[in-house]
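This is what each chain is made of:
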Amino acid sequence: MDHGTVDQAPDILISKFEIEQRVAALAAEITRDYRGRTPHLVGILKGAWIFMADLVRHIDIEVTVDFLGITSYGPSPHSSGEVRITKDLDVSIEGREVLIVEDILDTGRTLRFLEEVLTVHKPHTLRVVTLLDKRSRRIVPVHADYVGFEISDVFVVGYGLDFNQKYRRLPDIHVLRQATSP
Ligand code: PRP
């Protein structure tokens, strides 16, 4: 069997209702903090795309958006620690109030890479919003300015998050029992 099973109700870790409430709250914080400015949201593909789409629709100030594609080398995306860009930004971030939008913060290697790469382009500010934070898994000491949910070390799928590219479409966030975090 090349993938785990997602049983609906028993394995739901965070329901779509809870997600919606929390995303709205995060958007309200961001609206308040950036009032009078136009933040530039950079969504990290692919996992963050659904979160980003919901987040911007709850933000009540003008924003601009872009996307950055990222991939990791090695059999497991979280084991090699080597990250590279698969899709670059479309527009300059120089002087912009940049807000990185991530679906999950795990070891922190990806975010460290992103902060290093984006800082070179001289944004005015660089902050991070992540829907999920697996703080107990951190190897690199990075942190997000806005966190939706802190979760324990379980493998989660749905709401943009995948296992072998599957399950991104699920509206809730589920624990995938058969998969273990490497
Ligand atoms: C996930 C997530 C982060 C990264 C976090 O991406 O979107 O970018 O892992 O892990 P880290 O803190 O250990 O670096 P993933 O590699 O699963 O790719 P995807 O977004 O395309 O699903």
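Keep in mind the model is a prediction, meaning the values are calculated, not measured. (Residues numbered from 1 in each chain as written. Predicted model: local features only at pLDDT ≥ 70, side-chain atom pairs only at ≥ 80, totals over all residues. Heavy atoms only, no water.)

A.B. asks: An account of the overall build of the protein chain is needed here, citing residue identities and associated values.
C.D. replies: Helix and strand counts for the protein chain stand at three helices and nine strands. The N-to-C order of helical and strand elements in the protein chain reads β-α-β-α-β-β-β-α-β-β-β-β. Looking at the protein chain as a whole, 46% of its 182 residues qualify as buried. When the accessible surface of the protein chain is summed, it comes to about 9200 Å², and 51% of that surface belongs to carbon and sulfur atoms. (Helix = DSSP H or I, 4+ residues; strand = E, 2+ residues; numbered from the N terminus. Buried < 20%, exposed > 50% of the residue type's maximum accessible area, 1.4 Å probe, protein only. Areas by Shrake-Rupley, 256 points an atom, 1.4 Å probe, with all protein chains shown as cover.)

A.B. asks: Could you give me a rundown of the sheet that holds strand E3 (residues 64-72), with the residues and numbers involved?
C.D. replies: The strand order across the open sheet built from six strands is E4-E3-E2-E5-E6-E7, with neighbouring strands paired in mixed fashion. Two strands close off the open sheet at either side, each with one partner strand: strand E4 (83-87) and strand E7 (146-150). Between one strand axis and the next, the sheet turns through 30° on average, direction left out of account. Strand direction decides the pairing type here: strand E2 (residues 40-45) and strand E5 (residues 97-105), joined by four bridges, are parallel. Bridged to valine 42 within E5 is isoleucine 100. Lying over the sheet, helix H1 (residues 16-33) contacts E5, strand E6 (125-133) and E7, oriented at roughly 160° with respect to E7. This element, helix H3 (residues 109-119), spans E2, E3, E4, E5 and E6 of the sheet and lies at about 165° to E5. (Pairing = 2+ DSSP bridges. Axes fitted to C-alpha atoms, helices over the stretch in contact; angles between N-to-C directions. Contact = heavy atoms within 4.5 Å.)

A.B. asks: Run through the site of the ligand, naming residues and quoting values.
C.D. replies: Not every one of the 15 residues close to the ligand is listed here, only the nearest: Glu102, Asp103, Thr107, Gly108 and Thr110. Residue glycine 108 places a main-chain N or O atom 2.7 Å away from an oxygen atom belonging to the ligand. Within the side chain of arginine 168, an N or O atom sits 3.0 Å from an oxygen atom of the ligand. Burial of the ligand by the protein amounts to 90% of the accessible area it has alone, namely 500 Å². For the shell around the ligand, the elements supplying multiple residues, two or more each, are E5 and H3. For the shell around the ligand, the class distribution of residues is three nonpolar, five polar and seven charged. (Near = heavy atom within 4 Å. Polar contact = N/O pair within 3.5 Å; in protein donor to acceptor, adjacent residues only side chain to side chain. Nonpolar A, V, L, I, M, F, W, Y, C, P; charged D, E, K, R; others polar.)

A.B. asks: Quick one: what's the story with the sheet that holds strand E9 (residues 173-175), residue by residue and with numbers?
C.D. replies: If you walk across this open sheet you meet the three strands as E1-E9-E8, and the pairing is antiparallel. Single-partner strands in this sheet number two, and they are strand E1 (12-14) and strand E8 (156-157). In the sheet, E8 pairs with E9 via two bridges, with the strands oriented antiparallel. Paired with valine 157 across the strands is histidine 174, a residue of E9.

Honestly, it's all geometry; don't read function into it.
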